[in-house]
Amino acid sequence: MSIKNKCVNTVRVLSAEAIQKAKSGHPGICLGAAPIGYELFEDFLNFSYKNPKWDNRDRFVLSAGHGSMLLYSLLHLFGYDLTKEDLMNFRQLGSRTPGHPEYGKTDGVETSTGPLGQGLGNAVGFALAEAHLASVFNRPGYPVVDHYTYVLCGEGCLEEGIGYEACSFAGTQKLGKLILLYDKNNITIEGDINTTFGEDIATRFCAQGWQVLRVPDATNMNVLKTAIEKAKSDLYRPSIIICNTKIGHGSPLEGSEKVHGAPMGEENLKLTKEALGWSEEPFEVPEDVKQHCMDVAESKLIVEESWNRLFDRYAKVYPELAQKYRNYMDGYEIDFDALFNKFDFSSPEATRASSGKILNEIANLMPNLLSGSADLAPSTMTGLKCSGTFSPENRSGRNIQFGIREHAMSAICNGIQLHGGLRILCSTFFSFSDYMKGGMRISALLNVPVIYVMTHDSIGVGEDGPTHQPMEQLIALRSIPNMKVFRPCDGKETIAAYISAFTEQSPTVLVLSRQNLNQYKESGIKALTGGYILEDCNGTPDVILIGTGSEVDICAGAKELLEEEGIKARVVSMPSLEKFEEQTAEYKEHVLPKSVKARVCVEAGSHFAWYKYCGDCGEVIAMKSFGTSGPAKELFKYFGFTKENVAEKAKLSIENANNA
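Residues numbered from 1 in each chain as written. Predicted model: local features only at pLDDT ≥ 70, side-chain atom pairs only at ≥ 80, totals over all residues. Heavy atoms only, no water.

**So, helix α10 (residues 266–275)**
And step 1. Those residues of α10 that sit buried are Asn 268, Leu 269, Thr 272 and Lys 273. Along the axis of α10, the buried positions cluster into a sector of 140°, meaning they face one direction only. Seen from the open side of α10, the exposed residues pointing more than 90 degrees away from its buried face are Glu 266, Glu 274 and Ala 275.
And step 2. Of the surrounding secondary structure, the elements contacted by the buried residues of α10 are α1 (3–22).
And step 3. Looking one or two places after α10, you find Gly 277, whose phi comes out positive at around 70°. (Buried < 20%, exposed > 50% of the residue type's maximum accessible area, 1.4 Å probe, protein only. Helix = DSSP H or I, 4+ residues; strand = E, 2+ residues; numbered from the N terminus. Arc of directions from axis to C-beta. Contact = heavy atoms within 4.5 Å.)

Right under this line is the structure:
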């Protein structure tokens, strides 16, 4: 047996042993796709096990994240900080080998994968980032940004709609340094794919602008190597290599869905080892395999050393570019406080319009900021005027036209942000956030600061009707751990939202109005607290009026009506519930004193978020149904979003509090 085949079998056995010990996992792909993963790591992937975050490394994404043990076994063999004990601790609480790869937990894992197709989108983002950065920094003889993105997927990733969206975009953009290895075993959880996935994949990808290559038997690593070499040689088309494999290769369950998502059992594991000629103790790596893989890993370090020398020469010839490169990678520090002096937000204006002005000012100060949209930039006002559009002809363009592909857009943006060197913002109408929520959730899980601009935020959309009027979307996004959601009431609160987005690690959603909103002298940096007193009364208030976005103005109008009747009211703007919850108990008591039980919460979205703040005696004016078509002003009146209704609810709340 050749050393290469012995190494492949080592990957197979380590994976199967870990899954059996955990009594949980997916052995089928690990046994079947082991030659693909091993060939990639040995002969193609440029990496540094001593410096896993080396800028110019090739990226490998396991989109079929259920095959995590395949990746962990490879990382273990090639010197990454992943021990035998880590493999033995597969899928256990607190381990560095979780059930699906998780970014930040395991060196060498480039992104969190599991929801099928997300990794494909991430990989497209990596390839796009590489292409953009190469256009900015590379000079003749100095390819300081020059790496490939490899992604491994199975049928599931290609069946999911996000996979089609991402691959269509990649083909249109001619991302030639993206290589997809398709583990084609014709099996999913329910069995053979003949009733679910019968399309001609080669024709589909050819139509999408990809180079299509085939490996009839992925156990033939010479043929596999030739295919990857050919894929690398085409820099004008992304490539898919259709690799025919057998799920559960070498096991008694080979070719069966029974080996997809469950351990094989001790007896089948024993028979698999016999079929592979394996005689080592559990989790032991043969010495010749260990030495061979480490020799390969050490040779990869030479590539990093060569790049370091290249960059040193580059810095001498192009010192300004080298410093710019460092700024891109380290991040730009911007005096965001100065933004408040840049704009005169005195006239009524839609927060989407305010956002557009603020964003363009930031883009002038932050050249590594890219902005994308799902075919809506003129409406979301997120186009960067300082740059053109990213395209095969203009890789330096900072505006990305994702087309009508919301789900892929969010996943691609995650990849761009994960790549390093760039900041990314993307936009669409708020009601369409449902299409991209899977990727947005992964942003929060990854803890990467992707910025989402969601405009047309409520029934204020008006005549387009309930399909375009978001109702439950606010509560849906607020429910995602680690996601910051801002719904600003004016221009200065919008600045505060951007400051939070660009200075904190977690992703941020800006929810912005289509219609014009009044401006407030008292708003501004205080919005970073998430909730603050916008307008107050003398002494202790009789009632507190809490609003977000366009409804803050309704609360301010109700305050005036109440004061005419001698009722003291406080207006609290709460643009971000998440930020408010981060504040101290003392601050929250200052804004919302427990002694004031009369409260009215007003928001033209779902009512579910507000019962915590209205208390037992408070009232909530919110949406408990879908919207309807009609002029925005009439809709606000129809659904009770008027200063008169807020004032009446305030008096009812005061009565409730007095009777409590």
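**Topic: the environment of Ile 424**
And step 1. Here Ile 424 is to be found in strand β10 (residues 423–429).
And step 2. On the basis of relative accessible area, Ile 424 is assigned to the buried category, the value being 0%.
And step 3. Linking Ile 424 and Leu 369, residues 55 residues apart in sequence, is a C-alpha distance of 5.8 Å.

**A look at the nonpolar core**
And step 1. Counting residues in each nonpolar core, the largest one holds 79 residues, and the members touching the most others are Phe 137, Leu 158, Leu 180, Ile 400 and Val 509.
And step 2. A per-element tally of this core places helix α5 (residues 118–137) first, with twelve residues.
And step 3. Discounting chain neighbours no more than four positions away, the residues touching Ile 400 are Leu 128, Phe 169, Leu 370, Ser 371, Gly 372, Ser 373, Phe 390, Ile 416 and Ile 424.
And step 4. Membership of the second largest hydrophobic core comes to 57 residues, among which are Val 8, Ala 18, Leu 152 and Leu 181. (Core = buried A, V, L, I, M, F, W, Y, C linked by side-chain atoms within 4.5 Å.)

**Points about the sheet that holds β10**
And step 1. In space, the six strands of this open sheet follow the order β9-β8-β10-β11-β13-β12, with parallel pairing throughout. In this open sheet, the two edge strands, each paired with only one partner strand, are β9 (399–401) and β12 (484–486). Pairs of neighbouring strands in the sheet enclose a mean axial angle of 20°, with direction left out of account.
And step 2. Sheet topology places strand β11 (residues 451–455) next to strand β13 (residues 508–511); four bridges connect them, and they run parallel. (Pairing = 2+ DSSP bridges. Axes fitted to C-alpha atoms, helices over the stretch in contact; angles between N-to-C directions.)

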